[in-house]
Structure formats: structure tokens, C-alpha cells
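Listed below are the residues making up each chain.
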Amino acid sequence: MQLNPRQLVTQFAHMLQQDLFPVLESVSGPLSEQMQLLAAVISLAPLGRLLSARRASTGRPAKDRSALAAAFMAKAILHLPTTRDLISRLRVDESLRQFCGWTSLRAVPHESKFSRAFAEFADSELPQQLHEAVIAMTQKQRLIGHIARDSTAIPARERFTREAQQKKTAAKEKAEKQRRNKARFAKAKASERGTRIQRQRHQQLPQMLSDLPRQCDIGTKTNSQGNEHYWCGYKLHLDVADGQVPVSAVLTSASVHDSQVAIPLMMLTSQRVTHLYELMDSAYDADPIHAHSRQLNHVPIIAPHPRRGTKKPSQLPKVFPDKPTPQLTAAQQERYKTRTMVERVNARLKDEFGASQIRVRGAAKVMAHLMFGVLALTVDQWLRMTAPG
């Protein structure tokens, strides 16, 4: 008899609670909630398959890569700020060492080996592959009602040097001078090329992602109180499914507008899951985004932006009447309320899974650090969905 996805999910959760956890407790003692989550992540993530596929046919084989990857998962779950804190915890916590795969204290590698392994994981995008595999295993056959889309600020310990700022200023002045000298030709070329969102409608997903800036820079956001918040670093864009399960993630520069990542996220999420509605705030209110979502057979529910005409109308007489302002229906407003689940995911990612403790530099390493937390959060939310009662 073929089991449906819900039965598979329930069966796996039952196996964890009834079979796996008692065996582990008999070996390592009582398990905390964090250690139970680590056991679930390790059992779900196909570490052996993905790591063995990357081994070279010649040369000395790398050791402990599975154990090191499990240790970085533990770092995110335990909310440890640095790798040194992780190593210190491994030296005093025998059960954690056993979970990761080291049978003795002497087997725990040096900090330099952790750094080399993390650089390899970041270059090969191992955390992204693990997350994609977990989504395919747990969400592929599930019909998802809503996908909520939003971004969150990721401050990083990087800054612009004075020389870099001077080069950037000089480049801007040169570009402005060229623009003034060739305004007529540049305008014609820009009209043919179109904006980034317009170009994305005719591009493949790899081309969309490669076109997005990923370097560290300055970003700004306006909070719910109307105050502007500035930070130096990056921006993490997330697609979250019903049940607060992160499905897709893209990292960009902090200055990239949310609307420029909407279409790549649509394509990425559509390849992984089947969903009906896409919920977005007013930052995504653009005609190409509406059109592309409908082209993918989804229903976009996007809060109207003030530029659509919701501002206070002018009292001056007009020759032509204003167009009616698009507003959400009562049913759409009720569905739009569930968009807050992506904000709760962003909060949990920062408060519980290390997204607010970035100690690495470079977009690849920052993304790897974040994706270990996203992977752990995905498994945690999935287990909560299948918990009895």
C-alpha cells in the first residue's frame, strides 16, 4: 500500500519518538529538545550521499567531513556564536561528540580544520543542497496553500574601506559623466534592455541568480513605525510555506530591492513544491511580478503600493478621471493575514538558529552559515506539524 505524504510524515515522527530517541537515550542519556532536533536533522539530511558524490578519485581522501557537517548543524541548533564555542562544547559534551561522529576527545579536529571544511561546504553549497533534499523529501508531494515571501536584514562584520569608497565614488562620477555625454544613446539602449525585473521574465533561473548583486554594502528598511533602519551586510530573501516551513532562500546585497528577487524566488519555489497563493507586501507590487506569478498558475495576493493611487488625491481639476485603485477583496485580506508567518520564521532564524551571529565574511560563507540554520528550522517546523495533538 502506498502511503500519502501525511502518513509518511507521521510515520517518520513516530519512528523518531518511539524507536530512535529511546535507543539514543540508552547510549547517551536523556536528550534535550535541541539534541532531539539534531538527531532528526542528521537522520533526514543525506550527508553520506552528497559528500561521497564530491570525493575525488585521486589524492588523499578527506576525513571527518560528515562529522564536521553535523557539527555545524549543531552549532546552528545550539545557537553558538563562534566555532571556538562549538569546539569547547564538543570537548565537554560527550553525547554531542557521539552525535557528530567522534568517539573520543582526541578525535575532535583543530579549529583550522573546521575553517577549511566550512570553506569547502560554502564553495560547494552543501547546506543549500541538504535543505533542497529535505524539502524534496518532506514537501514535494504536499499541496501547499500559501507561500509567504519577504526579506530580512543580515548585518555582517564587513565594512567599506576608505579606498573602496573612493573608488566607488570615482566610478559613479565617471559613469555619470558618460551618461551625460551619451544620454541619447544610453536612453535608447536602456529602453531596449529594460529593467532587471523585465529582463527576468525572459531569463532562465541561473541567469537571474547570477545577475543579482551579492557583495556586502549598505541597506535600508522602513519598519512598521515608519523609521528607517540602516545596516551593513546582506539581505536574506525567504519563501515560507504553510506551517512556517522555509522552502527557498536567496542571499543578496543589502541594497537590493525586494522586488528584484521575487521572480527568481517564484521560479525556485515552483521547482520544489506545488502551491496556490503567493503572499507579498507592497514592496513587490509591480506589474511584471503579478504577470509572472499568474504565468506560473499561481494567485498573487500583494498589498497595493501607495504609487497605485491610494495616496490622498489632488484637489486640482483633471481632464481625465483617476483609474480605480486596486484593493484586496475581503477574502484576499483574510488570506493576506497569513503572510506574517514569514516574519515569524525570520525572527526564529535570528533568535534561535544563529542568523544574528555572523562571524564569517563573504557572500558564500554567510549563505552557508545561514542555510545551516534554515535547514535546522525547516526540520523543526516539519516535526512540529506532525507532532500528535
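Heads up: the structure comes first, above all this text.
Residues numbered from 1 in each chain as written. Predicted model: local features only at pLDDT ≥ 70, side-chain atom pairs only at ≥ 80, totals over all residues. Heavy atoms only, no water.

Enquirer: Can you explain the overall build of the protein chain? Please cite residues and give values.
Expert: Scanning the protein chain for helices and strands turns up 17 helices and six strands. With 389 residues in all, the protein chain has 45% of them scored as buried. Taking all contacts inside the protein chain whose residues are at least 6 apart in sequence as the whole, residues at least 24 apart take part in 70%. (Helix = DSSP H or I, 4+ residues; strand = E, 2+ residues; numbered from the N terminus. Buried < 20%, exposed > 50% of the residue type's maximum accessible area, 1.4 Å probe, protein only. Contact = heavy atoms within 4.5 Å.)

Enquirer: Report on the layout of surface pockets, specifying residues and quantitative values.
Expert: A volume near 700 Å³ is recorded for the largest pocket. Forming the walls of the largest pocket are 26 residues, and the residues nearest its centre are D150, S151, K221, T222 and D258. Where the lining of the largest pocket is concerned, the elements lending two or more residues are β1 (143-155), β2 (217-222), β3 (228-241) and α16 (340-352). With five residues, β2 is the largest single contributor of residues to the lining of the largest pocket. Counted by class, the lining of the largest pocket contains five nonpolar, 13 polar and eight charged residues. (1 Å grid on protein atoms, 1.4 Å probe; cavity = no way out; pocket = protein on both sides within 12 Å on 5 of 7 lines; lining within 4 Å. Points joined across faces, edges and corners; volume = space filled by probe spheres on them. Nonpolar A, V, L, I, M, F, W, Y, C, P; charged D, E, K, R; others polar.)

Enquirer: I'd like a rundown of helix α4 (residues 65-77), residues and numbers included.
Expert: Here α4 spans 18 Å end to end across 13 residues, near enough to the 18 Å set by a 1.5 Å rise per residue. Taking burial as the measure, the 13 residues of α4 include twelve buried ones, the bulk of the element. (Expected span 1.5 Å × (residues − 1).)

Enquirer: Go over helix α5 (residues 83-92) with me, naming the residues and quoting the values.
Expert: For α5, the set of buried residues is T83, L86, I87 and L90. Down the axis of α5, the buried set is contained in an arc of 95°. They therefore lie on one face. Exposed residues pointing more than 90 degrees away from the buried face of α5 are listed as R84 and V92. (Arc of directions from axis to C-beta.)

Enquirer: Before we move on, could you go through the packing of helix α2 (residues 33-44) against α4 and cite the residues and values that matter?
Expert: Relative orientation of the contacting elements α2 and α4 amounts to 140°, with a least axis distance of 10 Å. It follows that α2 is oblique to α4 by the angle criterion. Between α2 and α4 lies a crossing whose hand is right-handed. Listed contacts from α4 to Q34, L37, L38, V41 and I42 of α2 are A70, M73, A74 and I77. For the contact of α2 with α4, the class distribution of residues is eight nonpolar, one polar and no charged. (Axes fitted to C-alpha atoms, helices over the stretch in contact; angles between N-to-C directions. Parallel < 35°, antiparallel > 145°, perpendicular 65-115°, else oblique. Left-handed = near helix turned anticlockwise from the far one by under 90°.)

Enquirer: Go over the pattern of salt bridges, please, and point to the residues and values.
Expert: Here the structure, examined in full by the defined rule, presents 16 salt bridges. The closest approach of N and O atoms between R339 and D150, which form a salt bridge, is 3.3 Å. With a gap of 189 residues between them, R339 in the loop between α15 (330-336) and α16 and D150 in strand β1 connect regions that are remote in the sequence. A residue is classified by how much of its surface remains accessible, and D150, at 8% relative accessible area, is buried. Notably, a salt bridge pairs K337 with E334, separated by 3.3 Å at the nearest N-O pair. Since its relative accessible area comes to 53%, K337 is described here as exposed. Where salt bridges share partners, they join R348, E352, D380 and R384 into one cluster. (Salt bridge = Lys/Arg side-chain N within 4 Å of Asp/Glu carboxyl O.)

Enquirer: Break down the pairing of β2 for me, citing the residues and quoting the values.
Expert: Two strands pair when backbone bridges link them, and β2 and β3 are joined in this way by six bridges, in the antiparallel orientation. Along β3, the bridge assignment pairs D217 with G233. (Pairing = 2+ DSSP bridges.)

Enquirer: Pulling in residues and values, what's your account of empty space enclosed by the protein?
Expert: Going through the model one piece at a time under the given rule, you end up with one cavity of 30 Å³ or more. As for the largest cavity, its lining consists of F72, K75, A76, L80, F118, F353, G354, H369 and F372. When contributions to the lining of the largest cavity are tallied by element, the ones reaching two or more residues are α4 and α17 (363-386). Tallied by class, residues from the lining of the largest cavity come to six nonpolar, two polar and one charged.

Enquirer: Before we move on, could you go through the packing of α4 against α17 and cite the residues and values that matter?
Expert: Between α4 and α17, the shortest axis-to-axis distance is 9 Å and the interhelical angle comes to 75°. It follows that α4 is roughly perpendicular to α17 by the angle criterion. The segment α4 lies against α17, with A69, F72, M73, K75, A76 and I77 engaging H369, F372, G373, L375 and A376. Grouping the amino acids of the contact of α4 with α17 by side-chain chemistry returns eight nonpolar, two polar and one charged.

Enquirer: Please set out the state of the cysteines residue by residue, giving values where relevant.
Expert: Applying the stated criterion across every chain yields a total of zero disulfides. Free cysteine C232: the closest other cysteine sulfur is in C216, separated by 3.7 Å. (Disulfide = S-S within 2.5 Å.)

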